[in-house]
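Each chain, written out:
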Amino acid sequence: MHHIEQIYINGEFVTPHGSERFDLFNPATARVIGQVRLADAVDAERAIAAANAAFPAWAKPQSRSASPPCNGCMLPWPPATTICWRR
């Protein structure tokens, strides 16, 4: 059984402040395959503060040489994968 004890906040894995756990299920068999330790309001505030601190640099326009324009984008499955091409 897998036990996930950390969450990702501000570029690093940290132990959540919360102590509640949630069962993870295999969708094919409906069996419990692990547990994850859940975040709480304290963790949410930490994540929001990290996002607010990172936003100005992220939103700043980049020069064309730093990031050439993408002429087309496709989001295949899984959605986290992005493919761009240039003409």
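Since we're looking at a predicted model, the values are computed, not measured. (Residues numbered from 1 in each chain as written. Predicted model: local features only at pLDDT ≥ 70, side-chain atom pairs only at ≥ 80, totals over all residues. Heavy atoms only, no water.)

Once that is clear, we can look at the overall build of the chain. In terms of regular secondary structure, the chain is built from one helix and seven strands. Seen in sequence order, the chain has helices and strands lined up from the N terminus as β-β-β-β-β-α-β-β. By the burial criterion, 13% of the 87 residues in the chain qualify as buried. Counting only contacts in the chain whose residues sit at least 6 apart along the sequence, the fraction spanning at least 24 positions is 27%. Carbon and sulfur atoms provide 60% of the accessible area of the chain, an area that totals close to 7,200 Å². (Helix = DSSP H or I, 4+ residues; strand = E, 2+ residues; numbered from the N terminus. Buried < 20%, exposed > 50% of the residue type's maximum accessible area, 1.4 Å probe, protein only. Contact = heavy atoms within 4.5 Å. Areas by Shrake-Rupley, 256 points an atom, 1.4 Å probe, with all protein chains shown as cover.)

As paired strands, strand S4 (residues 21–25) and strand S5 (residues 32–37) are joined by five bridges and run antiparallel to one another. In the sheet register, phenylalanine 22 faces S5, and the bridge partner there is valine 36. The antiparallel pairing of S4 with S5 creates a hairpin that spans six residues between the two strands, and alanine 30 there sits at a positive phi of about 65°. (Pairing = 2+ DSSP bridges.)

What follows deals with the pairing of S5. Bridge count for strand S1 (residues 2–4) against S5 is three bridges, and the pairing is parallel. Across the sheet, residue isoleucine 4 finds its bridge partner in S5, namely valine 36.

What follows is about the sheet that holds S4. Strand order across the open sheet formed by three strands is S1-S5-S4, with mixed pairing between neighbours. Looking along the sheet, the strands with just one partner apiece sit at the ends: S1 and S4. Neighbour to neighbour, the strand axes of the sheet diverge by 25° on average, direction disregarded. (Axes fitted to C-alpha atoms, helices over the stretch in contact; angles between N-to-C directions.)

Inspection of the secondary structure assignment puts valine 32 in strand S5. The spatial distance from the C-alpha of valine 32 to the C-alpha of histidine 2 is 9.6 Å, given a sequence separation of 30 residues. Sequence-distant contacts of valine 32, that is, excluding residues within four places in its chain, are made with Met1, Asp23, Leu24 and Phe25.

For the rest of this paragraph, the subject is a nonpolar patch on the surface. On the surface, a cluster of nonpolar side chains totalling about 320 Å² of accessible area is made up of Met1, Phe25 and Val32. As for its placement among the helices and strands, methionine 1 is situated in the segment before S1. (Patch = residues over 30% accessible without salt bridge, like charges linked within 9 Å, V, L, I, M, F, W, Y side chains within 5 Å. Salt bridge = Lys/Arg side-chain N within 4 Å of Asp/Glu carboxyl O.)

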